[in-house]
Amino acid sequence: MKFYEKFPALQQKAFLSKMLIENVFATMSLENQQVPMEKITEIVEKILTEKELEGTQFFSN
């Protein structure tokens, strides 16, 4: 079984973005590095957009 067959939700941009944002926020909070959720959201969205423009295929069409 291939990775995306096992975890098809990871091909959905909204799901992947939400999961990344929540995990980064939680990890930084555990390390006592308070970063606003808005800033993390901005960074994650920017990185995902850059990867899409480079042609890195994260998401199914």
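Predicted model only: the values in this text are computed from it and were never measured.

Please give an account of the overall build of the protein that cites residues and values.
When you go through the protein residue by residue, the secondary structure sums to three helices and zero strands. If you list the helices and strands of the protein from N to C, you get α-α-α. Expected size for 61 residues packed as a compact globule is a radius of gyration near 10 Å; at 13 Å, the protein overshoots this value by more than 25%. In the protein, buried positions account for 13% of the 61 residues. Intrachain contacts of the protein at a sequence separation of at least 6 include 52% that bridge at least 24 residues. Surface exposure of the protein reaches about 4900 Å², of which carbon and sulfur atoms provide 60%.

Let's hear about the side chain of Ser-17: which residues, and what values?
Mapping Ser-17 onto the fold places it in helix α2 (residues 13-30). A residue is classified by how much of its surface remains accessible, and Ser-17, at 4% relative accessible area, is buried. In this structure, Ser-17 is in contact with Val-44, Glu-45 and Leu-48, ignoring residues within four places of it in sequence.

Before we move on, could you go through a nonpolar patch on the surface and cite the residues and values that matter?
A cluster of nonpolar side chains, namely Phe-3, Tyr-4 and Phe-7, defines an oily patch on the protein surface of about 290 Å² accessible area. Along the chain, Phe-3 turns up in helix α1 (residues 3-6).

Lay out unusual backbone geometry in plain terms, naming residues and giving numbers.
Within the chain, Asn-32 stands out as a residue other than glycine whose phi angle is a positive 55°. Within the secondary structure layout, Asn-32 lies in the loop between α2 and α3 (37-54).

Report on the pattern of salt bridges, specifying residues and quantitative values.
For the structure on display, the rule yields four salt bridges. Across the pair Lys-13 and Glu-52 runs a salt bridge whose closest N-O atoms are separated by 2.9 Å. Here the residue Lys-13 occupies a position in helix α2, and Glu-52 occupies one in helix α3, the gap between them amounting to 39 residues. On the accessibility criterion, Lys-13 (28% relative accessible area) is partly exposed. On the basis of relative accessible area, Glu-52 is assigned to the partly exposed category, the value being 35%.

Conventions adopted
- Residues numbered from 1 in each chain as written.
- Predicted model: local features only at pLDDT ≥ 70, side-chain atom pairs only at ≥ 80, totals over all residues.
- Heavy atoms only, no water.
- Helix = DSSP H or I, 4+ residues; strand = E, 2+ residues; numbered from the N terminus.
- Rg over C-alpha atoms; globule rule 2.2 N^0.38 Å.
- Buried < 20%, exposed > 50% of the residue type's maximum accessible area, 1.4 Å probe, protein only.
- Contact = heavy atoms within 4.5 Å.
- Areas by Shrake-Rupley, 256 points an atom, 1.4 Å probe, with all protein chains shown as cover.
- Patch = residues over 30% accessible without salt bridge, like charges linked within 9 Å, V, L, I, M, F, W, Y side chains within 5 Å.
- Salt bridge = Lys/Arg side-chain N within 4 Å of Asp/Glu carboxyl O.

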